[in-house]
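Now for the letters of each chain:
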Amino acid sequence: MDLRIFTEPQQGASYDTLLTVAKAAEDLGFDAFFRSDHYLSMGSADGLPGPTDAWITLAGLARETKRIRLGTLMTAGTFRLPGVLAIQVAQVDQMSGGRVELGLGAGWFEEEHRAYGIPFPKEKFARLEEQLAIVTGLWATETGKTFTYQGRHYQLQDSPALPKPAQSRVPVLIGGHGATRTPRLAARYADEFNIPFASVEDTERQFGRVRAAAEETGRKADDLLYSNALVVCAGKDDAEVARRAAAIGREVDELRANGLAGSPAEIVDKLGRYAAVGSSRVYLQVLDLDDLDHLELISTQIQSQLS
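Here, residues in each chain are numbered from 1, in the same order as that chain's written sequence. Totals for whole chains, interfaces and linings use every residue, but because this is a predicted model, local features are given only for residues with pLDDT of at least 70 and side-chain atom pairs only at 80 or more, for both listing and counting. With hydrogens and water excluded, all non-hydrogen atoms of the structure serve as input to the side-chain values.

1. Describing the overall build of the chain
Within the chain, the secondary structure is distributed over eleven helices and twelve strands. At 19 Å, the chain has a C-alpha radius of gyration in line with the 19 Å of a compact globule built from 307 residues. The rule is simple: take the accessible area with a 1.4 Å probe, protein chains only, and divide by the maximum for that residue type; under 20% is buried, over 50% is exposed, in between is partly exposed. The buried share among the 307 residues of the chain stands at 55%. In what follows, residue pairs with any heavy atoms lying within 4.5 Å of each other are defined as contacts. Across the chain, contacts joining residues at least 24 apart in sequence account for 73% of those joining residues at least 6 apart. Areas reported as accessible are Shrake-Rupley estimates using a 1.4 Å probe. Residue values count occlusion only from the protein chains shown. Within the structure as shown, the chain displays about 13600 Å² of accessible surface, and the carbon and sulfur contribution to it stands at 49%. Charge counting follows a simple rule: Lys and Arg are positive, Asp and Glu are negative, and His as well as the terminal groups are ignored. For this purpose, a charge sits on NZ of Lys, CZ of Arg, CG of Asp or CD of Glu. Across the chain, the centroid of the 33 positively charged side chains sits 6 Å from that of the 42 negatively charged ones. Helix numbers and strand numbers start at the N terminus; a helix is a DSSP run of H or I with at least 4 residues, a strand a run of E with at least 2. Taken over C-alpha atoms, the radius of gyration is set against a globule rule of 2.2 Å times the number of residues to the power 0.38.

2. A short note on the packing of aromatic side chains
Classification of ring pairs rests on two measures: the distance between centres of Phe, Tyr or Trp rings, Trp counted by its six-membered ring, which must be within 6.5 Å, and the angle between planes, read as stacked under 30 degrees, edge-to-face over 60 and tilted in between. Under the criterion given, the structure shown has seven aromatic pairs. Here the aromatic rings of Trp108 and Phe109 are separated by 5.2 Å at their centres, their planes lie at 25°, and the arrangement is stacked. Through successive ring pairs, a cluster of aromatic residues spans Tyr39, Phe79 and Tyr116. Throughout this description, the term charge over a ring refers to an Arg CZ or Lys NZ atom that lies within 6 Å of the ring centre and within 35 degrees of the ring normal. Directly above the aromatic system of Phe125 lies the positively charged group of Arg181, at a separation of 4.2 Å from the ring centroid.

3. As for the packing of helix α6 (residues 181–189) against helix α7 (residues 200–216)
Lines fitted to C-alpha atoms define the axes, with helix axes restricted to the stretch in contact, and inter-axis angles between N-to-C directions lie between 0 and 180 degrees. Contact geometry of α6 with α7 gives a least axis separation of 8 Å together with a crossing angle of 50°. Regarding the angle of α6 to α7, the classification is oblique. Between α6 and α7 lies a crossing of right-handed hand. Along its contact with α6, which presents Thr182, Pro183, Arg184, Ala186 and Ala187, the element α7 presents Gln206, Arg209, Val210, Ala213 and Ala214. Each residue is assigned to one of three groups, with Ala, Val, Leu, Ile, Met, Phe, Trp, Tyr, Cys and Pro labelled nonpolar, Asp, Glu, Lys and Arg labelled charged, and all others, Gly among them, labelled polar. Its residues placed into classes, the contact of α6 with α7 shows six nonpolar, two polar and two charged. An angle below 35 degrees is treated as roughly parallel, one above 145 as roughly antiparallel, one from 65 to 115 as roughly perpendicular, and anything else as oblique. The sense of a crossing depends on the near helix, which, turned anticlockwise from the far helix by less than a right angle, makes the crossing left-handed and, turned clockwise, makes it right-handed.

Here it is, written out as structure tokens:
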């Protein structure tokens, strides 16, 4: 099972902090560094020093890391026009030497849209479907040919479909809990399906829906990679787990129930239960970005057992 580091910078993190965490994740052997795409903090966090843009952040990290893969869970479809997003992601992929992955979602946090004057359309899911068609269509267009798209929400005419990513195909992640439309979109466009913050039972149910949707579209269900995103709070002993839970304003029992919390042995055991229902990758939501010892513990005591 691959372990990836997943951060929530809108809760309060500068670019320098994110760079430190990304470099630590690379040095410690993690597969990837991902970040959310939000402009407003949630809950009681003050969000200081202020938001950082996901793709500007990843562009910087692309030049300052060497091996680790970089991506978003999830880029908000409401933030960027699809043609512009295709250019941005392709450029960052070139800057990284082909290490970028695009998680793309519909966008959901209305308050941040109001705070920064970003339109929040009612028909977000239909827009997401067109965005996926456009972004993947632009990248797939043969160099020297043009791309035209006439949709309800977006229209492109004779686009040169440039630049191209460094990778022949940038992996596309689609995720969520939706029972019908989400599996259908994943089956059509995704390389990876991710379910965030779900129990083992809900994970198994949703993976089954996606697998069935893939087969209905003529794909093999195993053509997709299946993954989870789960909050992590590990400790060598109960006191260390409690200290780390308090630092992120959470209760240990709640974290144990809804995420990956406890000793390395406890977390390895729970990861095994997710693996048993088809998960081959987990994005570890790390909320205290100043606690690099936490990453080292996960690497040496948990990741080492999985590999």
